[in-house]
Amino acid sequence: MGAFLAGGCSSGGDGPGEAAGGVPVVEKGKLTTCTHLPYPPFQFEQSGKVVGFDVALIDLVATELKVEQKILDTPFENFKTGAFLNSGECDLAAAGMTITDERKKNVDFSVPYFDATQALLASKKSGVTTLAEVKAKGKKLGAQAETTGESYAKAQGFDPVAFESSDAVLNGLRTGQVDAVVIDYPVVQGWLKDKKNEAEFVLGQNIETGEQYGFSVKKGNTALLAAIDKAITGAKADGTYKKLYEQWIGPLPQATS
């Protein structure tokens, strides 16, 4: 099941409405999701539709609310401030987003739906597989702007080259703008399924940061938050979560079951 992508940043349509259970939505008959494309395996375009793990989970919410998911592609930095939620352009944000205390000041998060780690991916010719080697050999490090990967790299004393999207991160590595990048491990997993990437790059250290992803809503939107939490916990209980995880990401870690 795939959601459709709306161009620009306007919900348009028929104006505000109510979904099942009296949950308010910014566009009648739709559950409007702000995301930032592409970010496989969580959300990306495939055969003209936006698909991925995040998309599939929010489709569960939309089904419960008897509406259809609609996706808006928006800048990632707005997720930290909740700008598109506060302006009424989106009902929720789903973008492989880590729950942090700083972000909680601006938005309300669902229960965690994914345990995340960061990873170092380097060009094979760089000769590095750890951040210590990147630093010792004076190699250039990259990360996606406004992400926890960028924050982690800065906390380790790096001044990483910031790229606007995950595609730009990969391109920066491929074209030699940087020698290595720090980014979410599932993203790296997806990249390395491509034989060309596998031939050019090496997976370095796995960085345990204790991160968990959550979906966000406008502060005080308790009705929608409850619906999202119910969908996540229900999917984990009935096996749907495991099925979707294996479809989009890979084998489900035992601790997550």
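Our structure's up above, just so we're on the same page.
Residues numbered from 1 in each chain as written. Predicted model: local features only at pLDDT ≥ 70, side-chain atom pairs only at ≥ 80, totals over all residues. Heavy atoms only, no water.

Visitor: Which parts of the structure should I look at to understand helix 11 (residues 240-248)?
Guide: Note on helix geometry: an α-helix contains 3.6 residues per turn, so any two residues three or four positions apart are oriented the same way. Those residues of helix 11 lying buried are Tyr241, Leu244, Tyr245 and Trp248. The arc that holds the buried residues of helix 11, viewed along the axis, is 105°, so those residues lie on one side. The elements touched by buried residues of helix 11 are strand 5 (44-46), strand 6 (49-51), helix 1 (53-64), strand 10 (114-123) and helix 10 (222-238). Trailing helix 11 by a residue or two, Gly250 shows a phi angle of about 145°, which is positive. (Buried < 20%, exposed > 50% of the residue type's maximum accessible area, 1.4 Å probe, protein only. Helix = DSSP H or I, 4+ residues; strand = E, 2+ residues; numbered from the N terminus. Arc of directions from axis to C-beta. Contact = heavy atoms within 4.5 Å.)

Visitor: Got a minute to help me understand the packing of helix 1 against helix 11 in this structure?
Guide: Axes are the key here: two packed helices are described by the angle between their axes and the distance separating the axes. Orientation of helix 1 relative to helix 11, taken along the N-to-C sense of each, is 155°, at an axis distance of 9 Å. On the basis of the axis angle, helix 1 is roughly antiparallel to helix 11. The hand of the helix 1/helix 11 crossing is right-handed. Across the interface between the two elements, Phe53, Ala56, Leu57 and Leu60 from helix 1 touch Thr240, Tyr241, Leu244, Tyr245 and Trp248 from helix 11. The residue makeup of the contact of helix 1 with helix 11, split by class, is eight nonpolar, one polar and no charged. (Axes fitted to C-alpha atoms, helices over the stretch in contact; angles between N-to-C directions. Parallel < 35°, antiparallel > 145°, perpendicular 65-115°, else oblique. Left-handed = near helix turned anticlockwise from the far one by under 90°. Nonpolar A, V, L, I, M, F, W, Y, C, P; charged D, E, K, R; others polar.)

Visitor: Explain the state of the cysteines here, please?
Guide: A disulfide bridge is the covalent bond that connects two cysteines by way of their sulfur atoms. Summed over the entire model, instances satisfying the criterion amount to one disulfide. Sulfur-sulfur distance for the disulfide between Cys34 and Cys90 comes to 2.0 Å. The disulfide joining Cys34 to Cys90 has a torsion of about 65° about its S-S bond and is therefore right-handed. Linking Cys34 in strand 4 (residues 30-35) with Cys90 in the loop between helix 3 (83-86) and strand 8 (92-93), this pair joins segments that are 56 residues apart in sequence. By relative accessible area, which is 1% here, Cys34 ends up buried. (Disulfide = S-S within 2.5 Å.)

Visitor: Please explain the pattern of salt bridges as it appears in this structure.
Guide: A side chain with one charge can pair with a side chain of the opposite charge if their charged atoms come near. Summed over all chains, the structure comprises five salt bridges. Here Glu27 ties to Lys70 by a salt bridge, and the two come within 2.7 Å at their closest N and O atoms. Separated by 43 residues along the polypeptide, Glu27 in the loop between strand 3 (23-25) and strand 4 and Lys70 in strand 7 (residues 68-73) bring together distant segments of the chain. Using a relative accessible area of 6% as the deciding quantity, one classes Glu27 as buried. Judged by relative accessible area, which is 6%, Lys70 ranks as buried. For Lys242, the salt bridge goes to Glu246, with nearest N and O atoms at 2.8 Å. Here the residue Lys242 and the residue Glu246 both occupy positions in helix 11, the gap between them amounting to four residues, near one helical turn. (Salt bridge = Lys/Arg side-chain N within 4 Å of Asp/Glu carboxyl O.)

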